[in-house]
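Listed below, chain by chain, are the residues.
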Amino acid sequence: THESTQVMAESELSEEIDEDIDIGFRFEDTSNIEVPKLLIDQVLGQEHAVEVVRKAAGQRRHIMMIGTPGTGKSLLAKAMAELLPKEELKDILVYPNLEDLNNPKIREVPAGKGREIVMAHKMEARKKAQARNMLMMLFVVGIIIYSYFVAQLLWGIIAGIMILMLTRQFLPKEEMMIPKLAVSNYDKEHAPYIDATGAHAGALLGDVRHDPFQSGGLETPAHDRVEAGDIHKAHKGVLFIDEINTLRLESQQSLLTALQEKEYPITGQSERSSGALVKTEPVPCDFIMVSAGNLDAVQKMHPALRSRIKGYGYEVYMRDSMADSPENRKKLARFVAQEVVRDGHIPHFDEGAVGEVIREARRRAGRKGHLTLKLRDLGGLVRVAGDIAHSEGAPITTAEHVLAAKRIARSIEQQLADSYLEQRKEYESFLRKGSAVGRVNGLAVMGGDSGIVLPIVSEVTPALSGAEGRIIATGKLKAIAKEAVQNVSAVIKNMTGTDISRHDVHIQFVGTYEGVEGDSASVSIATAVISAIERIPVDQTVAMTGSLSVRGDVLPVGGVTYKIEAAAQAGLKKVIIPKANEADVLVEKAYREKIQIIPVSSIAEVMEHSLMGPKKNTIIEKLKNITKLSFDIPEVT
Ligand code: ADP
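Residues numbered from 1 in each chain as written. Predicted model: local features only at pLDDT ≥ 70, side-chain atom pairs only at ≥ 80, totals over all residues. Heavy atoms only, no water.

Further remarks concern the site of the ligand. Taken together, 16 residues are adjacent to the ligand, and Gly70, Ser74, Glu339, Arg342 and Arg376 come closest. At 2.6 Å from an oxygen atom of the ligand is found a side-chain nitrogen or oxygen belonging to Arg342. Summarising the interface, the protein chains cover 91% of the accessible area of the ligand, which totals 550 Å² for the free molecule. Here the residues of the shell around the ligand are counted per class, giving six nonpolar, six polar and four charged. (Near = heavy atom within 4 Å. Polar contact = N/O pair within 3.5 Å; in protein donor to acceptor, adjacent residues only side chain to side chain. Areas by Shrake-Rupley, 256 points an atom, 1.4 Å probe, with all protein chains shown as cover. Nonpolar A, V, L, I, M, F, W, Y, C, P; charged D, E, K, R; others polar.)

And the structure:
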């Protein structure tokens, strides 16, 4: 079986190359495409977000970005830092406070000055120390000479050494007075961009290190142990926090305070460390916050923080896809150029290679006439293709390299689905030919981008006398199964005269494993149940997906393309999909030839295409009368 997939992949290759993609303009390779200097001009497909970022940078407003990972949120935050004025940047120094050593002082100076100040202090300290040492040496030598004449030399040397040790202990240490440069913007090209995603409190808000030698002359002075947090490093720049809801509530609270006050003192974060005794003066932290997450993350964040950002900033939604227009294809070509330049090691792409990347963008969009904007993943494909070209010593990356990369760069989920598929074929857990009663090849999606054949079996038995019938299913299947059975129970009753509620209906995924999103299985479940009640066999060369209404209409579901590909890969001959999903089908050509796609709009049509044997037609006739749905045999794609 493995070989056959391999062979299929090969034939897929040659077919794909034949078909050219119109990129919108002609070029030799991506080295001819100019990559914009500013990051903001490199962002593609997120025009609205770009506009908001430009505006917010001018007004110094916060931004919340909501959307799928890998669509450019951190890129935009970085781009925003580039747009901020460099002139305002500051350095932050921590000075010892002689009145209260545990309350170090904070000074803000123009960028670059901090380094100078610290250096000057160091010079000064060195000079002083030298002078002091010189004096002391003279003193000690004096004592030795004196004792040579007056007393014994040995005693003189001993006295000298003791004096030396004692004075070292008690003389003020100039080094201890050198200020610490907590935040430095020396030689920075633009305002800071600090990514604080997943930062713990100490990293985010600053910390004071623990001092193991708290006295005895070996201690590090408190101000020297102060470490700036991300909020301080982002002063006058951008603080980016992805998955904002994963930040602990206390941290979110502190972040809110920092946002409001624009300054935040640094204190030791671990309670029992000596650092906890220390608390600095307030440290400036006038940053712009760019927070990000999916919709769920945003809803779960601290409400006060959310409303602060809302009140003083913008919320933008990131787009997942863009229209498949010549202009946008051109942008994708520029994207490939950008990624090649950014990587720095891979060869540029020729026109054919860019065409293949665009084809993949089309496929991954999951919507007809669209290109995906999940560009982090697409960038991954570009890099893998480039690496393959590089390892072959090719001067340029070609379509063949991209196609090879597509095979390698499969997501973990896809690889997992592959291995399940392999296992199932071995154990013959799904049938690919013949017919069976109460058994249907359902389809599901794993991890968002890979389909899998999921056989469902059903058995219907009369309920124990008097008792209400039950629906017996396991795990996640239960809820879906209940709904599916309820939805078809009216249809079943009218059709077969069987009152489902007085039967036990057993439903099972064959070889169930956790992690399958089993939605869209309701058509399969209904078919399995009807087949089980009426003892009509189901064609095992057919796979199906679809949701079901109470009236028996087949409703659209997600991931049809992946599901169809899975069915084709599994060697099935026909796949039934909701008619409403017809436009979403972007199956690779090689698969199209292997499997017949049948769009349907009612459960009667599902039966028409999946049941077998002599009893089939009477059932369908009944169904048609009951559901009173228009019943055109659909044209077959
Ligand atoms: P997110 O923060 O939304 O998870 P990133 O901004 O980290 O995604 O995107 C990762 C990488 O993917 C970027 O560094 C860039 O190379 C590429 N990328 C993602 N979205 C875009 C985009 N809209 N335009 C250009 N490149 C993008």
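Picking up after the structure, the text goes on.
What follows is about the nonpolar core. By size, the foremost hydrophobic cluster in this structure holds 43 residues, and its most contacted members are Ile507, Ile525, Val529 and Val606. Ranked by size, the runner-up nonpolar core spans 30 residues in total, among them Leu44, Ala337, Phe349 and Leu371. (Core = buried A, V, L, I, M, F, W, Y, C linked by side-chain atoms within 4.5 Å. Buried < 20%, exposed > 50% of the residue type's maximum accessible area, 1.4 Å probe, protein only.)

Bringing the pairing of strand S16 (residues 439–446) into the picture now. Summarising burial for S16: eight of the eight residues are buried, a large majority. Side chains of S16 alternate between two faces, with Arg439, Asn441, Leu443 and Val445 and Val440, Gly442, Ala444 and Met446 buried alike. Note: S16 against strand S17 (residues 450–462), eight bridges, orientation antiparallel. Looking at the pairing, Ala444 lines up with Ile452 of S17. (Helix = DSSP H or I, 4+ residues; strand = E, 2+ residues; numbered from the N terminus. Pairing = 2+ DSSP bridges.)

Where helix H11 (residues 326–343) meets helix H13 (residues 375–391), the axes come as close as 10 Å, and the angle between the chain directions of the two elements is 65°. Remark: the crossing between H11 and H13 carries right-handed chirality. Touching Leu332, Phe335, Val336, Glu339, Val340 and Asp343 of H11 are Leu375, Leu378, Gly379, Val382 and Arg383, all from H13. Residue classes in the contact of H11 with H13 are distributed as seven nonpolar, one polar and three charged. (Axes fitted to C-alpha atoms, helices over the stretch in contact; angles between N-to-C directions. Left-handed = near helix turned anticlockwise from the far one by under 90°. Contact = heavy atoms within 4.5 Å.)

This paragraph deals with the sheet that holds strand S4 (residues 180–183). Overall, antiparallel pairing links the three strands, which are arranged S3-S2-S4 in an open sheet. Edge positions in the sheet fall to strand S3 (105–110) and S4, since each of these pairs with one other strand and no more. Going from strand to strand, the sheet's axes swing by 35° on average, the running direction of each strand aside. Of the pairings in the sheet, the one linking strand S2 (residues 90–95) to S3 comprises six bridges and is antiparallel in character. What sits directly across from Tyr95, in S3, is Lys105. Of the strands in this sheet, S2, S3 and S4 touch helix H4 (residues 113–150), which is tilted by about 35° from S2.

Another point: the environment of Lys180. Mapped onto the elements, Lys180 comes out in strand S4. When its relative accessible area of 16% is taken as the criterion, Lys180 is described as buried. For Lys180 and Tyr95, which are 85 residues apart along the polypeptide, the C-alpha to C-alpha distance reads 6.6 Å. Beyond its immediate chain neighbours, meaning those up to four positions away, Lys180 contacts Ile92, Leu93, Val94, Arg209, His223, Asp224, Val226 and Glu227.

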